[in-house]
Amino acid sequence: MNSEIGRLILKRLGIAIITLVIVSFAVFFTTNMLPGDTATILLGQAATPEAVAGLREAMHLNDPAITRFFHWAFGFVTGDLGKSYANNMEISTLIGNRFLNTLELAAITTVIAVPFALTLGITSAVARGSLYDRIVTVLTIGVISVPEFVIASTAVLIFAVYLRWLPAISFVNEIHSVSDMLRMYAMPVVTLTFVVSAQIIRMTRAAVIETLDTPYVEMALLKGASRSRMVLRHALPNALGPIVNALALSLSYLIGGVIIIETIFNYPGIAKLMVDAVATRDLPLIQTCAVIFCAGYLILITIADIIAIISNPRLRK
Amino acid sequence: MTNLVEIRNLHVEATTDAGRRIEIIKGVDLDIAKGEIVALIGESGSGKTTIALSLMGYARRGCEITKGSLLVDGKDMARLSEKQRQQVRGTEVAYVPQSAAAAFNPSATIIDQVFEVTRIHKLMPPAQARLRAIELFRALSLPDAENIGNRYPHQVSGGQLQRLAAAMALIGDPKLMIFDEPTTALDVTTQIDVLKAFKSVMQQGGIAGVYVSHDLAVVAQIADRIVVLKDGEVQETGTTQDILQAPKHPYTRELLAAFEPRHFEFSGRKEAAATPLLRIEDVTSGYGQIQADGLPLIRAVRSVSFELEKGRNLGIIGESGCGKSTLARTISGMLPASAGRVLFDGQEMPPASKNRTRDQLQHMQIVFQSADTALNPAKPIEDILGRPLTFYHGMSAQDRSKRVDELLDMVHLPRNLRYRHPAELSGGQKQRVNFARALAAEPKLIICDEITSALDTVVATAIIELLKELQRELDLSYIFISHDLSVVEAICDEIVVMYHGEKVEQLTREGIKAPKHPYSKLLFSSVPKLDPAWLDNLVLEPELVRQYVG
Amino acid sequence: MKQTATTMSAHRFGYTFSPIGMIALAVILFWAFVAAFAPHLVPYSPGKIVDTDFFGPISSKFWLGSDYLGRDMLSRIIMGARYTLGVSLAGVLIATTSGVVLGMAAAVIGGWFDTLLSRFMDAMLSIPSKLFGLVVVAAVGSSLPALILTLAFIYTPGSFRFARALAVNVNTMDFVAVARIRGESTLYLVCAEILPNIIRPVLADFGIRFVFIVLLLSGLSFLGLGVQPPLADWGALVHENIQSLSYASAAVIAPSLAIASLTISVNLLIDNLPRKIRDRSA
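Residues numbered from 1 in each chain as written. Chains lettered and ligands numbered in written order. Predicted model: local features only at pLDDT ≥ 70, side-chain atom pairs only at ≥ 80, totals over all residues. Heavy atoms only, no water.

Thoughts on the overall build of chain A
Phase 1 of the analysis: Regarding its fold elements, chain A presents 12 helices and 0 strands.
Phase 2 of the analysis: Each helix (α) and strand (β) of chain A, taken in turn from the N terminus, gives the series α-α-α-α-α-α-α-α-α-α-α-α.
Phase 3 of the analysis: In chain A, which comprises 317 residues, the share counted as buried stands at 51%.
Phase 4 of the analysis: Of the accessible surface of chain A, which amounts to about 14600 Å², a share of 68% is contributed by carbon and sulfur atoms. (Helix = DSSP H or I, 4+ residues; strand = E, 2+ residues; numbered from the N terminus. Buried < 20%, exposed > 50% of the residue type's maximum accessible area, 1.4 Å probe, protein only. Areas by Shrake-Rupley, 256 points an atom, 1.4 Å probe, with all protein chains shown as cover.)

Have a look at this one:
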């Protein structure tokens, strides 16, 4: 580790923090563009003007937007997430377990999808132009081109309707045994794995092909290196940065996928919570969920960028 | 069998992007005796690299060896299985690439890659391989032989990398070495050391070699025999002496003619004009943040002054990174000078082109090195040439069309080329269009920035002739920027030598024979000559080399 | 040398498309036709309950069966094509146009204008699109104009970044430098020198972005947050009829297939474009 690398990493972290601020700002102001008065919406048309005024006071709605933003951001940082409009519950209570459920779903999917997709992506790049490569490519294009709910529906049709192996919906609180758990997680995980893997395969393949076309890989071939040596010794170490980046970008599809998958399988996670919140226009809850998702994604791409910086041989001394 | 290599009736086909197959090697025969160095010479697209690579049983993506036999030490490389080929590569036949900087894996240390061959083919234990590598580094006169291998490729210079690549090829004790334009990317002063190192290791080891190059003078120093290629066919084969002194094929003669000292008539009607056409005074420019003294962080040009009289030509010569192209950009106003003045026809011009009047811009045109990037690929030639006519002269469609024809005539291109796009033209044609566009403005001065360096020798010579001809007809002045002394010599009345951002010397044509500044001496004496004994007889003061070659 | 030969033929004779590309193009044109003439093609009024049964089976009377209220699925899919294609096309047109204009401006003008705009767009890009969609829909609702603007807003940063990268590349070319020191204006540089050289990859990107927008719109509608009843795009049709999934009714499968056929075709068409166009658009 030298100063140049350290400087670049610090710069990258700085950018991530600035981005998060801009993003939370954007989320806060977009949700505050809501036409109509929040207090009136909450209390209904029948509410007395005094009650509306009282609520406005209590919610700091009379303050300028920028003040409210800082108030909200400060609360977010200190763990005071505010209360839901819909049922007046503490948002932290609402999110608590559901957040863990979503993390669980994401983690299981990642553990399955990443090795699976990396293997397919790298092997199809190495066997570029072969029948195997063409099949993988067509399948990934197919999966990428189709909305997540179509993939999920297809999975339901195959595994729940025709084969009757798995239930079509998940209720995590009903788990009594390992086989229960498998059955509960299976459908969401299978669907998400498909969605995320297709992205990873596509991007990994492109990254590896790019390094396979470099003069130093040709040089290795002309030194008599075997195919596996060319790939493992010369192509992959240099493709590491781009591959990690591809992984991080693909995991954003995990977030998009989670939103649909939790809804379709009735999975009690934070994404389902957010979709319901949008339906009821529960602003504080939407804001919190959105910022959690954005922060999660930013953390992923920042880690990927840092790995890319560290693995860049040109920065070594 | 007496020959190490016997190629018979080699055919190679390539698949184009459009899916058509074209033959790029059309029945080539070639013999190489043991210990003999044979040069393959020809312009780009002649198939010289393809033939060299086929000796390793390798064809680049999209290419395929379709016919013929390639015997290397009795084994037919075209018929071997991939596994058998792998065994031959690196041990019997080894390869030195054109750009070592790209051929070294950036994420491994140099020494790891140098003795990788011994590891792949299990030739010797790693400790021994390391010692052998250091021995080779020494033989190739690399500095700090013990430690240089522990660095990463981006940490050593281009000339050193090229020699390290040779070490990487030599470590497997090959019978045949393939050099693929190994010094083309290097500066002349760097090239000398690399060539000397190559020659001495090849002689000591008695290794046979194939030396691919477009440069006849370089090849003359190292090859026993020369094979002249064009369009995938052998034009002529002979010993180096024969080819240089008694060439038979017209194409070979053309190649040689490019080296002949050109008869030179002074371009300048030496009018004693009161004001020079261009005068630059203490110009400094560069890149990066402006410092407290008002100058940029990286000063690519430092306090350069010169004058150019009307109707005369000035050459600016120097090696890569000497600031010659930056100087051209500064004069033209693309990169505003941080200090100093630029006077045109006695009138001071604003440093930035955007502050100059249309008149000032019109009278000074610049022509860039690469016609590929200098011509907008989305426009037909007539639009490219027509725009300056509309812009500067406000011509009507009819006048413009007539003038485009005239311009094409001037640069000796057929008139119907006007309907084509740049991608449909050859390199030489593109450079002519590039030049015609500058002429369209009707300038007094044209700055030519390395306009011949991307072209093959024969084409470049024709372009220089064209420039001279136009100068006689149109009363032009040129500033000619190049790294190639022979080009500058052929057209310029005066030559400015630049080193490290500074003007080290200004010479008249007569003065070229006897430069005074030590760097000019080194630079001029480093230019290869057709004489095969030139390299062996060349003695450079080591002190000088240490000072200026890095 | 061989390169010159191929480009020459490509310029002269246009591009040859692979069979897969032709089929993909045919599917896209088919849906475009359906969307354009939908009111004249529907066998029944799409909003009218015509079947006595809900989730009726495929029959000679109802080619794709009926939906959860007993409306004709075929008619609803034909009308749905209008909303899916129409909203997406409007969205992608706005997104690409604003992205390309801003991207070229940023590349040519440079300086703080470029830095600020790029930083902002990058931040917007770091919000996953579906999440962005949810937030904006929560704020401004899901009327058709609001949906179109939302979709356009979400995909403008991507288009901006793509166009800017291309324009920055072209901007470093010597022919732009030549035009600049000829004294040409910024507008000329952008329109005459840069745009013609990025237009083909931009068009390919337009296709890719169109697929993204179709997917996002369908996703939002599927969540019940996109096109609102009584109107319905294909995603909304799946949403309405999702209960019938457990007995594999055409009411949920047919709109899913419609979406898939459109998006896969666009992607396949772009993937089978001649290399020259595609290369710079990866």
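Side note on the sheet that holds strand 20 (residues 502–508) of chain B
Residues and elements named next belong to chain B.
Phase 1 of the analysis: Across the sheet, 6 strands lie side by side as 16-17-18-13-19-20; this open sheet has mixed pairing. Each of the sheet's edge strands pairs with one partner strand only, and the pair in question is strand 16 (364–367) and strand 20. Going across the sheet, the axis of each strand differs from the next one's by a mean of 15 degrees, ignoring polarity.
Phase 2 of the analysis: Where strand 13 (residues 313–317) lies against strand 19 (residues 494–499), 4 bridges are found, and the strand directions are parallel. Among the inter-strand pairings, Ile-316 is bridged to a residue of strand 19, identified as Val-496. (Pairing = 2+ DSSP bridges. Axes fitted to C-alpha atoms, helices over the stretch in contact; angles between N-to-C directions.)

Observations regarding the packing of helix 5 (residues 111–125) of chain C against helix 7 (residues 144–171) of chain C
Residue and element names in this part refer to chain C.
Phase 1 of the analysis: Close contact between helix 5 and helix 7 brings their axes to 9 Å; oriented N to C, the two are set at 135 degrees. One finds that helix 5 runs oblique with respect to helix 7. In the crossing of helix 5 with helix 7, the sense of the turn from one axis to the other is left-handed. Here helix 5 contributes Asp-114, Leu-117, Ser-118, Met-121, Asp-122, Met-124 and Leu-125 to the contact with helix 7, which in turn contributes Thr-156, Pro-157, Gly-158, Phe-160, Arg-161 and Arg-164. (Parallel < 35°, antiparallel > 145°, perpendicular 65-115°, else oblique. Left-handed = near helix turned anticlockwise from the far one by under 90°. Contact = heavy atoms within 4.5 Å.)

Describing the confidence of the model for chain B
Residues and elements named next belong to chain B.
Phase 1 of the analysis: In this model, chain B carries a mean pLDDT of 88, and residues with pLDDT of at least 70 account for 97%.
Phase 2 of the analysis: The spread of mean pLDDT over the elements of chain B runs between helix 23 (residues 542–548), the lowest at 75, and helix 16 (residues 381–393), the highest at 94.
Phase 3 of the analysis: Here the complex is predicted with pTM 0.83, and the ipTM for its interfaces comes to 0.82. (pLDDT = per-residue confidence, 0-100.)

Let's talk about the interface of chain C and chain A
Phase 1 of the analysis: Taken together, the contacts link 41 residues of chain C with 46 residues of chain A.
Phase 2 of the analysis: Inspection of the region where chain C meets chain A yields 1 salt bridge.
Phase 3 of the analysis: Breaking the side of chain C that touches chain A down by element, the ones donating at least two residues are helix 5, helix 6 (129–140), helix 9 (186–222), helix 10 (234–241) and helix 11 (250–271) of chain C. (Salt bridge = Lys/Arg side-chain N within 4 Å of Asp/Glu carboxyl O.)

Topic: the packing of aromatic side chains
Phase 1 of the analysis: Inspection of the entire model under this criterion finds 18 aromatic pairs over all chains.
Phase 2 of the analysis: Ring geometry for A:Phe25 and A:Phe69: centres 4.6 Å apart, planes at 80 degrees, overall edge-to-face. Of the two residues, A:Phe25 sits in helix 1 (residues 3–31) while A:Phe69 sits in helix 4 (residues 65–77), which places them 44 residues apart along the sequence.
Phase 3 of the analysis: Aromatic pair A:Phe28 and A:Phe69: ring centres 5.5 Å apart, planes at 65 degrees, arrangement edge-to-face. Taken together, the positions of A:Phe28 in helix 1 and A:Phe69 in helix 4 put the pair 41 residues apart, joining distant regions of the chain.
Phase 4 of the analysis: Grouped by ring-pair contacts, the aromatic residues A:Phe25, A:Phe28, A:Phe29, A:Phe69 and A:Phe70 constitute a single cluster.
Phase 5 of the analysis: Directly above the ring of B:Phe391 sits B:Arg358, whose terminal nitrogen or CZ lies 3.8 Å from the centroid. (Phe/Tyr/Trp six-rings, centres within 6.5 Å; stacked < 30°, edge-to-face > 60°. Lys NZ or Arg CZ within 6 Å of the ring centre and 35° of its normal.)

Some words on the pairing of strand 12 (residues 296–308) of chain B
A regular strand places its side chains so that they alternate between the two faces of the sheet.
Residues and elements named next belong to chain B.
Phase 1 of the analysis: Across 8 bridges, the pairing between strand 11 (residues 278–290) and strand 12 is antiparallel. Bridged to Val-283 within strand 12 is Val-304.
Phase 2 of the analysis: The turn joining strand 11 and strand 12, which pair antiparallel and follow one another in sequence, is formed by 5 residues; a positive phi near 85 degrees is taken by Gly-294.

Digging into the side chain of B:Gln191
All names here are of chain B.
Phase 1 of the analysis: Position of Gln-191 among the secondary structure elements: in helix 9 (residues 188–205).
Phase 2 of the analysis: Here Gln-191 falls in the buried class, since its relative accessible area comes to 7%.
Phase 3 of the analysis: Residues within four places of Gln-191 in sequence aside, it is in contact with Thr-183, Leu-186, Val-218 and Pro-528.

A short note on the interface of chain B and chain A
A common way to express how large an interface is: the accessible area buried when the components associate.
Phase 1 of the analysis: Counting from both sides, the interface comprises 26 residues of chain B and, opposite them, 22 residues of chain A.
Phase 2 of the analysis: Taken together, both faces of the contact between chain B and chain A bury some 2300 Å²; the carbon and sulfur share is 54%.
Phase 3 of the analysis: Seen at the junction of chain B and chain A, the total is 3 salt bridges.
Phase 4 of the analysis: Residues B:Glu116 and A:Lys223 are paired through a salt bridge, measuring 2.9 Å at the closest nitrogen-oxygen approach.
Phase 5 of the analysis: Inspection of the region where chain B meets chain A yields 12 residue pairs in polar contact (both at pLDDT 80 or more).
Phase 6 of the analysis: Broken down by secondary-structure element, the contributors of at least two residues to the side of chain B that touches chain A are helix 3 (100–103) and helix 5 (116–120) of chain B.
Phase 7 of the analysis: Looking at which element gives the most residues to the side of chain B that touches chain A, the answer is helix 5 of chain B, with 4 residues.
Phase 8 of the analysis: Class assignment for the residues of the side of chain B that touches chain A results in 13 nonpolar, 8 polar and 5 charged. (Buried area = accessible area lost by both parts, 1.4 Å probe. Polar contact = N/O pair within 3.5 Å; in protein donor to acceptor, adjacent residues only side chain to side chain. Nonpolar A, V, L, I, M, F, W, Y, C, P; charged D, E, K, R; others polar.)

Regarding unusual backbone geometry
Phase 1 of the analysis: Residue C:Pro230 is reached from C:Pro229 by a cis peptide bond, and omega for that bond is 10 degrees.
Phase 2 of the analysis: Among the structural elements, C:Pro230 can be located in the loop between helix 9 and helix 10.
Phase 3 of the analysis: The phi torsion at B:Ser141 lies on the positive side, around 45 degrees, for a residue other than glycine.
Phase 4 of the analysis: Within the secondary structure, B:Ser141 is located in the loop between helix 6 (126–139) and helix 7 (145–148).
Phase 5 of the analysis: For B:Ser141, a relative accessible area of 47% puts it in the partly exposed group.
Phase 6 of the analysis: The residue B:His412 is not glycine, and still its phi comes out positive at about 60 degrees.
Phase 7 of the analysis: Secondary-structure assignment places B:His412 in the loop between helix 17 (397–410) and helix 18 (427–440).

What to know about the domain arrangement of chain B
All names here are of chain B.
Phase 1 of the analysis: For chain B, the assigned domains read domain 1 (5–257) and domain 2 (278–373 + 444–514).
Phase 2 of the analysis: Its C-alpha centre places domain 1 at a distance of 37 Å from the equivalent point of domain 2.
Phase 3 of the analysis: Each side of the interface is counted separately: domain 1 has 8 residues, and domain 2 has 5 residues.
Phase 4 of the analysis: Of the roughly 660 Å² buried at the junction of domain 1 and domain 2 (both faces included), carbon and sulfur atoms supply 43%. (Domains from an automatic or database assignment.)

Observations concerning the pairing of strand 4 (residues 63–72) of chain B
All names here are of chain B.
Phase 1 of the analysis: Summarising the sheet, strand 1 (residues 3–15) and strand 4 pair through 8 bridges and their orientation is antiparallel. Bridging from a neighbouring strand, Ile-7 pairs with Leu-70 of strand 4.
Phase 2 of the analysis: Sheet topology places strand 4 next to strand 5 (residues 75–76); 2 bridges connect them, and they run antiparallel. Across the sheet, residue Leu-71 finds its bridge partner in strand 5, namely Asp-76.
Phase 3 of the analysis: Between the end of strand 4 and the start of strand 5, which pair antiparallel, lie 2 residues, with Asp-73 showing a positive phi angle near 55 degrees.

Considerations on the confidence of the model for chain A
Phase 1 of the analysis: When pLDDT is averaged along chain A, the result is 82, and 86% of the positions lie at 70 or above.
Phase 2 of the analysis: Mean pLDDT in chain A bottoms out at helix 2 (residues 38–43) of chain A, which sits at 63, and peaks at helix 9 (residues 215–222) of chain A, which reaches 92.

Here's the deal with the side chain of A:Asn238
Phase 1 of the analysis: Within the element layout of this structure, A:Asn238 appears in helix 10 (residues 227–264).
Phase 2 of the analysis: A:Asn238 gets classed as buried once you look at its relative accessible area, which sits at 14%.
Phase 3 of the analysis: In this structure the side chain of A:Asn238 is engaged in a polar contact, spanning 2.7 Å, whose partner is the side chain of B:Asn105.
Phase 4 of the analysis: A polar contact is formed between the side chain of A:Asn238 and the side chain of B:Ser107, at a distance of 3.2 Å.
Phase 5 of the analysis: Once you skip the residues sitting within four places of it in the chain, A:Asn238 turns out to touch A:Thr211, A:Tyr216, A:Pro313, B:Asn105, B:Pro106 and B:Ser107.

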